[in-house]
Amino acid sequence: MPSGVINHYKDFLPVNEKTPIITLDEGDTPLIPAPYLSRFIGIDVFLKYEGLNPTGSFKDRGMTLAVSKAVEDGYKAVICASTGNTSASAAAYAVRAKIKSVVVIPEGAIALGKLAQALIHNAQVIAIKGNFDAALNIVKEITKKYPLALVNSLNPYRIEGQKTAAFEICDALGRAPTYQAIPVGNAGNITAYWKGYKEYKAKGKIKDLPRMLGFQAEGAAPIVKGYPVKDPKTIATAIRIGNPASWKGAEQARDESRGLIESVSDEQILAAYKLLAEKEGVFVEPASAASVAGVINLSKRGYFKRKAQSAPKGKLTGQAKRKAQIVCILTGHGLKDPDRAIQSIEKPKVVKANVEAVLKEIKFS
Ligand SMILES: *Cc1c(COP(=O)(O)O)cnc(C)c1O
């Protein structure tokens, strides 16, 4: 059976008979109901768990297409700047394509799991004494002159592949959600989802479009502030970006959908991170929890209630008549950043190796 997002959504993607399909069976991730959050917010909340892609993040959706097209175009190597997940994905797909991968990362700012992935797949990993934005500038310069395919989300094929997640959500719900919440870093993903929803509407697959709700980390919130941030800071390393490549695309998604892009604090991100693990049974990396942190903030301000009431009485249009739904995009798996998880919880207690000692801890005796 053909698998992966290219095979599944060929008609919506820029591929032809000559495109070699480099796939690890990405996509088709679950849309998990979130009963705790739904009760808390008063609207049905679903979690699009992108951490279940082959390398543990949504980057695989874009990478399958970017690497397939790079091979079609005759490239023998790919290069990217990365906060971690792009490099993990590029490295794995380059292995499948039997080509070389080079990744440029900010020194010391990559979660351990992601670095391990790039290394185990034999990527050439080069750490720079600078941040992600500097790394991206370097690879942009290099790819202008040398035969390496750039596989950052500046590569339009990345956006094309990533838009398939919007298709999957609509296919699962039978319509677009009322709201879609998403973390925003380099802003490729919010751009991709919005493109996906608009294409599905143009093809008549859905009637209404969602409101796009984007969330940046407070210390790395250039789009919220309206100017680039020189030294972005947040524990959510995947969205620690001061000058997003798809800035315009994010603003377009926000404005055309009459949504918003706001910031969330690291404390709020960590609270949502723990809530997802403790109340919903879903383990994500910190950046992914930004979408849930943002939705909780909006809910506390009455945003979802006000929106429901502001629909004109008597002549409710399509979307407003039906029950509202929120889809939160959970971009990456919790195992990517084990250090953060261990710092967020109490260390296990050590007791003597006998039944009584263990029972005493369980408090059954
Ligand atoms: C890449 C990434 C993001 C940010 O996505 P952008 O397209 O850069 O906005 C968020 N979360 C995770 C886990 C990521 O890997």
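The structure presented is a predicted model; accordingly, all values stated were derived computationally and were not measured. Sequence order as written defines the numbering, with residues in each chain counted from 1. Per-residue local features of the predicted model are confined to residues with pLDDT of at least 70, and side-chain atom pairs are confined, for both listing and counting, to 80 or more; whole-chain, interface and lining totals are unaffected and use all residues. Hydrogens and waters are ignored; side-chain quantities use all the structure's heavy atoms.

1. Things to note about the site of the ligand
Phase 1 of the analysis: Whether a residue is near a molecule or strand depends on its heavy atoms: if one lies within 4 Å, it is near. Around the ligand there are 16 residues in total, and Lys59, Asn85, Asn186, Asn189 and Thr331 lie nearest to it.
Phase 2 of the analysis: Throughout this description, a polar contact denotes any pair of N or O atoms lying within 3.5 Å of each other; where both atoms belong to protein, one of them has to be capable of donating a hydrogen while the other can accept it, and for residues adjacent in sequence the pair is counted only when both atoms sit in side chains. In the environment of the ligand, an oxygen atom lies 2.6 Å from a nitrogen or oxygen atom belonging to the side chain of lysine 59.
Phase 3 of the analysis: Take glycine 185: an N or O atom from its main chain is 2.8 Å from an oxygen atom of the ligand.
Phase 4 of the analysis: Taken by itself the ligand offers 380 Å² of open surface, and the protein chains cover 97% of this. Under the convention used here, a 1.4 Å probe and the Shrake-Rupley method define accessible areas, while residue burial counts only the protein chains that appear.

2. A few points about unusual backbone geometry
What is expected of a backbone is that most residues other than glycine have negative phi and most peptide bonds are trans.
Phase 1 of the analysis: Positive phi values are uncommon outside glycine, yet aspartate 28 reaches one of about 55°.
Phase 2 of the analysis: Secondary structure is summarised from DSSP: a helix means a run of H or I of at least four residues, a strand means a run of E of at least two, and numbering begins at the N terminus for each. You can see aspartate 28 is positioned in the loop between helix 1 (4-8) and strand 1 (31-33).
Phase 3 of the analysis: Three exposure classes are used, based on accessible area relative to the maximum for each residue type with a 1.4 Å probe and protein chains only: buried under 20%, partly exposed in between, and exposed over 50%. A residue is classified by how much of its surface remains accessible, and aspartate 28, at 64% relative accessible area, is exposed.
Phase 4 of the analysis: You will see that arginine 258, though not glycine, has its phi angle at about 55°, which is positive.

3. A word on the sheet that holds strand 4 (residues 100-106)
Phase 1 of the analysis: Whether two strands pair depends on DSSP finding at least two bridges between them. Strands sit in the order 5-4-3-6 across an open sheet of 4 strands; the sheet is parallel. Sheet topology places strand 5 (124-128) and strand 6 (149-150) at the edges, where each strand pairs with a single neighbour.
Phase 2 of the analysis: As defined by bridge partners, strand 4 adjoins strand 5 across 5 bridges and the pair is classed as parallel. Directly across from proline 106, in strand 5, lies its bridge partner isoleucine 128.

4. Brief notes about the environment of leucine 119
Phase 1 of the analysis: Secondary-structure assignment places leucine 119 in helix 5 (residues 112-120).
Phase 2 of the analysis: In this structure, the C-alpha to C-alpha distance between leucine 119 and alanine 92, residues 27 residues apart in sequence, is 10.0 Å.

5. Points about empty space enclosed by the protein
Phase 1 of the analysis: Using a grid of 1 Å spacing that covers the protein atoms alone, one calls a set of points a cavity when a 1.4 Å probe fits there but cannot get out, and a pocket when the set is open and has protein on both sides within 12 Å along at least five of seven lines; lining residues are those with an atom within 4 Å of a point. Grid points are joined across faces, edges and corners, and a volume is the space filled by probe spheres set on the points. Enumeration over the complete set of coordinates arrives at 1 cavity of 30 Å³ or more.
Phase 2 of the analysis: The computed volume of the largest cavity comes to approximately 310 Å³.
Phase 3 of the analysis: Forming the walls of the largest cavity are 27 residues, and the residues nearest its centre are Phe58, Lys59, Gly185, Asn186 and Ala238.
Phase 4 of the analysis: Class assignment for the residues of the lining of the largest cavity results in 11 nonpolar, 13 polar and 3 charged. By the convention adopted, Pro, Cys, Tyr, Trp, Phe, Met, Ile, Leu, Val and Ala count as nonpolar, Lys, Arg, Asp and Glu as charged, and the other residues, Gly among them, as polar.

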